[in-house]
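# A look at the structure
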Amino acid sequence: MQSSSEPDLRAVDPEVDALIRQEDDRQRDSLRLIASENYASKAVLQASASSLTNKYAEGYPGKRYYEGMDFIDPLESLAIARARALFGAEHANVQPYSGSPANLAALLALCQPGDTIMGLSLPAGGHLTHGWKVSATGIYYKAVQYGVRRDDHLIDMDEVRSLARAHKPKLIWVGHSAYPRQLDFPAFAAIAQEVGAYLAADIAHIAGLVAGGAHPSPIPHADVVTTTTHKTLRGPRGGLILSKAAHAAAIDKAVFPGLQGGPHNHTTAAKAVAFKEALDPAFKTYAAQIVTSARALAEALVARGYTLSTGGTDNHLLLVDLSPKNLGGRKVAQVLNTCGIELNANAVPFDPRKPFDPSGLRIGLAALTSRGLTAQHMDTVATLIADGIDAATHADGVDDRRCLAIRGRVREFLQPFPAPGL
Ligand SMILES: *Cc1c(COP(=O)(O)O)cnc(C)c1O
């Protein structure tokens, strides 16, 4: 490895080193409830911070454009084999830089510019890359967006079917960033088949639940499955595409040379480690625990008078609707952050407020569950959140002393639960 005389980060760049340490402390001392975040393990972080970052490897194992692939090829092959085993997929491409490039690659592989695509609209909990107007996917493709029902906030399968029949899309996305219920993959597959569309499932948020058996898998139903590797799957920041064998060549060509140059081998290594961790039986317990804790937190918040979109959850996330309390999510989220409680303001379906200050708070349980918190701790989590919201809505504006007190309680509460990787 390194010669011992080479100065380390702290000596070379104390400024950057200090900022990283401060971020470590912040992640250790705060109640991290952002639904897209997690704690990657020490092993994942080590693989990620390795000499593999120095190597170029354009191409695929056995078909490279550079020399020196002795260890990169077996490494990428290992990551591919583990991804396929974990999800039961016919094909895996581990090179996408992140979730958004993975989605663009799926579109590049299966559609022509100008083709019609369908996806869940952003305000209803969908992702930008499923055809939202400001995204490349909404600019280069003709996007039709479906939503959720006004009364129960559940995906309106009747609307999906009638839009699909009317617009004959080339591809239908199923997946979300802020939808607290299970997805009905067989129902989406039936609609896609009826109108001759490809079905693409984006499991970025729920990949860890799918891998751990806590959410139904789209693999038997979808032509292509895309995901991030850093959310519930608890790996490094990155993307992954799984597909039927029939689409393998098109997917690989779309990722490289279609969209990307050299793969990030250090990230590939970290993905391989994360897949190994997720193949361990303990990961099943982890995935199940996330869902149990999310349900417990949902019940505890409802018991305190809060309204939840869809009334509850059956995945890792909940969406608190503050509109009955006539509160904006932005300020509440900012004050909660001051209290050491990290979550994000999020639109709720049919939100009466503007996107920058929406009515909702999105809460996810993947990170806290990685620290070992379980359902029995959710009553305390709910109390801390409720006290933080009270502080945010205090008549005199933000009450700093109250926030400081909550911050201290959060730190003390988290003490017995070591944060992985830090
Ligand atoms: C997070 C997310 C993505 C994008 O992932 P990035 O890694 O941030 O590009 C794509 N799709 C869904 C559904 C997501 O939640």
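This one's a predicted model, so the numbers in the text were calculated from it and none came from an experiment.

## Considerations on the packing of aromatic side chains
On inspection of all chains with the given rule, the structure shows five aromatic pairs. When the ring of Phe283 is compared with that of Tyr286, the centres are 5.2 Å apart and the planes differ by 55°; the resulting orientation is tilted. Of this pair, Phe283 and Tyr286 both sit in helix H12 (residues 281-303), three residues apart, roughly one helical turn. Here the basic side chain of Arg234 rests over the ring of Tyr286, its NZ or CZ set 4.1 Å away from the ring centre. Across from the ring centre of Tyr306, 4.8 Å away, lies the NZ or CZ of Lys325, which sits over that ring.

## A short note on a nonpolar patch on the surface
On the surface, Leu9, Val16 and Ile20 cluster together into a nonpolar patch covering about 220 Å² of accessible area. By secondary structure assignment, the location of Ile20 is in helix H2 (residues 14-29). Given the relative accessible area of 41%, Ile20 is considered partly exposed.

## Regarding the sheet that holds strand S7 (residues 171-175)
The seven strands lie next to each other as S4-S10-S9-S8-S7-S5-S6, forming an open sheet whose pairing is mixed. Every interior strand has two partners, whereas the edge strands, strand S4 (91-93) and strand S6 (142-146), have only one. Between one strand axis and the next, the sheet turns by 20° as a mean value, whatever way the strands run. Looking at chain direction, strand S5 (residues 116-120) and S7 are connected through two bridges and run parallel. Note on S7: the bridge partner recorded for Met118 is Ile172. Most of the contacts of helix H7 (residues 157-167) go to S6, to which it runs at about 155°, and overall it touches S5, S6 and S7. Across the sheet, helix H10 (residues 248-259) is in contact with S4, strand S9 (224-228) and strand S10 (239-243); its angle to S4 comes to roughly 0°.

## Observations concerning the pattern of salt bridges
Enumeration according to the criterion identifies 17 salt bridges in this entry. When salt bridges that share partners are traced, they join Glu23, Arg26, Arg32, Glu37 and Glu342 into one network.

## Focus: helix H8 (residues 185-195)
For H8, the set of buried residues is Phe185, Phe188, Ala189, Ile191, Ala192 and Val195. For H8, the angular spread of the buried residues around the axis is 165°, confining them to a single face. Just past H8, the residue Gly196 takes up positive phi, approximately 75°.

## Regarding unusual backbone geometry
Between Phe256 and the following residue, Pro257, the backbone shows a cis peptide bond with an omega angle of 10°. Position of Pro257 among the secondary structure elements: in helix H10. A positive phi angle, near 65°, is found at His153, a position not held by glycine. On the secondary structure map, His153 appears in the loop between S6 and H7. A relative accessible area of 12% places His153 in the buried class. Phi at Asn326 takes a positive value of approximately 55°, unusual for a residue other than glycine. Among the structural elements, Asn326 can be located in the loop between strand S12 (317-321) and helix H13 (329-338). Classification of Asn326 by relative accessible area gives exposed; the value is 66%.

## A few points about H7
For H7, the complete set of buried residues consists of Met157, Val160, Leu163 and Ala164. With its buried residues spanning 125° around the axis, H7 presents them on a single face. Set apart from the buried face of H7 by more than 90 degrees, the exposed residues are Asp158 and Ala166. As for H7, its buried residues are in contact with S5, S6, S7 and H8. Lys168 sits one or two positions beyond H7 and adopts a positive phi of about 45°.

Here is what the cut-offs are and how they apply
Residues numbered from 1 in each chain as written. Predicted model: local features only at pLDDT ≥ 70, side-chain atom pairs only at ≥ 80, totals over all residues. Heavy atoms only, no water. Phe/Tyr/Trp six-rings, centres within 6.5 Å; stacked < 30°, edge-to-face > 60°. Helix = DSSP H or I, 4+ residues; strand = E, 2+ residues; numbered from the N terminus. Lys NZ or Arg CZ within 6 Å of the ring centre and 35° of its normal. Patch = residues over 30% accessible without salt bridge, like charges linked within 9 Å, V, L, I, M, F, W, Y side chains within 5 Å. Areas by Shrake-Rupley, 256 points an atom, 1.4 Å probe, with all protein chains shown as cover. Salt bridge = Lys/Arg side-chain N within 4 Å of Asp/Glu carboxyl O. Buried < 20%, exposed > 50% of the residue type's maximum accessible area, 1.4 Å probe, protein only. Pairing = 2+ DSSP bridges. Axes fitted to C-alpha atoms, helices over the stretch in contact; angles between N-to-C directions. Contact = heavy atoms within 4.5 Å. Arc of directions from axis to C-beta.

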